Amino acid sequence: MKLVGINVYNVDVPSVHQYRMASATVTHLQSTIVELITDSGLVGFGETCPAGPVYQPQHMLGGRAALQEIGPSLIGLDPRNIGQLNRAMNATLNGSRYAKAAIDIAAWDIAGKAYNRRVCDLIGGATGDTIPTYYSITTASPDEMAREARERQREGYERVQLKIGGRDVEQDIETLHKVKEATKPGIRIAADANRSLTSRDAMFLSHRCRDISMVMEQPCNTMEEIAAIRHQLCHPVYVDELAEDVNSVMRAVSGGLVDGFGLKLTRLGGILAVQTARDICDARSLPHTCDDTWGGDVIAAACVHVGATVAPARFEGSWIAAPYIRRHFDSENHVQIEAGRIKVPTGPGLGVTPDKVHLGSPIMAF
Ligand code: 0XW
Ligand code: MG
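No experiment lies behind these values; they were computed from the predicted model shown.

1. Some remarks on the pairing of strand β12 (residues 260–264)
For a regular strand, the rule is simple: side chains alternate between the two faces of the sheet. Among the 5 residues in β12, 5 count as buried, and that is most of the element. Alternating positions in β12 separate into two faces, G260, G262 and K264 on one and F261 and L263 on the other, with burial throughout. Regarding the hand of the β-α-β motif, the stretch spanning strand β11 (residues 237–239), helix α9 (residues 246–254) and β12 is right-handed. In this structure, β12 lies alongside strand β13 (residues 288–291), joined through 4 bridges in parallel fashion. Within β13, the position partnered with K264 by the bridge is D291.

As structure tokens, then:
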């Protein structure tokens with residue numbers, strides 16, 4: 001089987017309402033969908049959708065420029081040989097893993113269809129028919145955030161992530177206490193500062209919330225700041241934005257700098273790379289999520305397939321953007337949440353196919 005063409009599409013992703021984090025606010029984004037076309041008639045889809053240009057260094061136009069650079073070098077390769085495909089991408093362009101990830105995901109989709117297996121079956125096997133997700137509560141007043149946490153727990157979510165930072169730390173401390181009061185025991189809480197806290201405020205917050213069982217996600221901007229205060233905090237520390245690739249995951253783990261991760265598929269480089277990170281976490285009993293920054297059904301399906309292969313005891317869930325955006329790309333088999341869980345797609349490959357009407361004409365073709 002050979003790749004005979006690649007189409008790249010722009011798909012609008014309007015938000016239900018503003019999603020506010022300390023580092024950035026997400027409203028209307030444009031996702032990038034990649035379609036790999038083979039001489040066998042099989043096609044595969046991948047997606048990459050950075051959460052705006054500020055959340056992390058990756059951004060929409062950068063991803064498209066990288067695809068322009070990589071695309072032509074892949075024609076003629078067998079997309080089922082995903083190792084070779086990744087090596088070819090790396091030989092053509094240094095970095096830009098988030099663009100390469102869209103190709104990698106589309107290649108897994110083709111491999112699954114070619115072998116008549118779901119992606120999760122090719123990468124370790126699924127732990128069940130559904131997997132947990134978590135709800136990410138956007139920055140708002142302490143009362144609003146507590147009310148939202150209570151509602152989501154009622155709906156069935158077992159984990160909430162609260163966006164903190166970017167404001168007076170007293171408000172975040174009040175929020176976390178109110179969330180604890182408003183929810184029943186059993187809910188897992190992540191306080192995600194998205195890089196924004198000073199080491200001073202991270203320490204104030206952790207000490208004033210010491211009775212709250214929660215994890216502190218990406219409290220500060222750099223690994224050095226996190227390392228400096230880590231042992232003065234009362235809470236486990238998870239790294240998200242700084243888990244940039246397999247090597248940074250290895251460095252954080254071997255340096256004893258983290259208690260868990262928010263693993264993002266496209267940031268790490270796709271399904272091949274995130275599997276390695278999953279296995280490193282497994283070897284050190286480190287909990288982690290398997291999600292991405294934003295996007296539609298294609299990237300959501302990829303996250304769910306990888307999430308379905310993580311040991312349940314260490315799995316913190318796959319976050320997907322579905323509750324925050326206005327449209328599904330696949331009107332028939334879209335990825336959706338019910339009572340805090342997501343059904344693992346059942347069709348071969350990713351098990352989702354974006355509707356032609358949403359794709360329009362390609363913005364790039366090779
Ligand atoms: C909750 N997320 C997965 C969605 C946004 O991209 C932010 C992100 C996070 O955990 O930082
Ligand atoms: Mg995070």
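More follows now that the structure is in view.
2. Quick notes on the packing of aromatic side chains
Taken as a whole and assessed by the stated rule, the structure comprises 8 aromatic pairs. Each residue in the set Y19, Y135, Y157, W294, W319 and Y324 is aromatic and connected to the rest through ring pairs, giving one cluster. Here R152 stacks its cationic end above the ring of Y135, 3.8 Å away from the centre of that ring. The lysine or arginine in question, R159, covers the ring of Y134, its NZ or CZ lying 4.8 Å from the ring centre.

3. Focus on the coordination of the magnesium ion (ligand 2)
At this site the magnesium ion (ligand 2) is bound by D192 (OD), E217 (OE) and D240 (OD), with donor distances of 2.0 to 2.2 Å. Donor residues binding the magnesium ion (ligand 2) come from one chain and are separated in sequence as D-x24-E-x22-D. In this pair, D192 sits in strand β9 (residues 188–192) while D240 sits in the loop between β11 and α9, placing the two residues 48 residues apart along the sequence. For D192, a relative accessible area of 0% gives the class buried. Judged by its relative accessible area of 1%, D240 is buried.

Rules and cut-offs
Residues numbered from 1 in each chain as written. Chains lettered and ligands numbered in written order. Predicted model: local features only at pLDDT ≥ 70, side-chain atom pairs only at ≥ 80, totals over all residues. Heavy atoms only, no water. Buried < 20%, exposed > 50% of the residue type's maximum accessible area, 1.4 Å probe, protein only. Helix = DSSP H or I, 4+ residues; strand = E, 2+ residues; numbered from the N terminus. Right-handed = clockwise from strand over helix to strand, strands pointing away. Pairing = 2+ DSSP bridges. Phe/Tyr/Trp six-rings, centres within 6.5 Å; stacked < 30°, edge-to-face > 60°. Lys NZ or Arg CZ within 6 Å of the ring centre and 35° of its normal. Donors = N, O, S within 2.8 Å, 3.2 Å for Na, K, Ca; no water.

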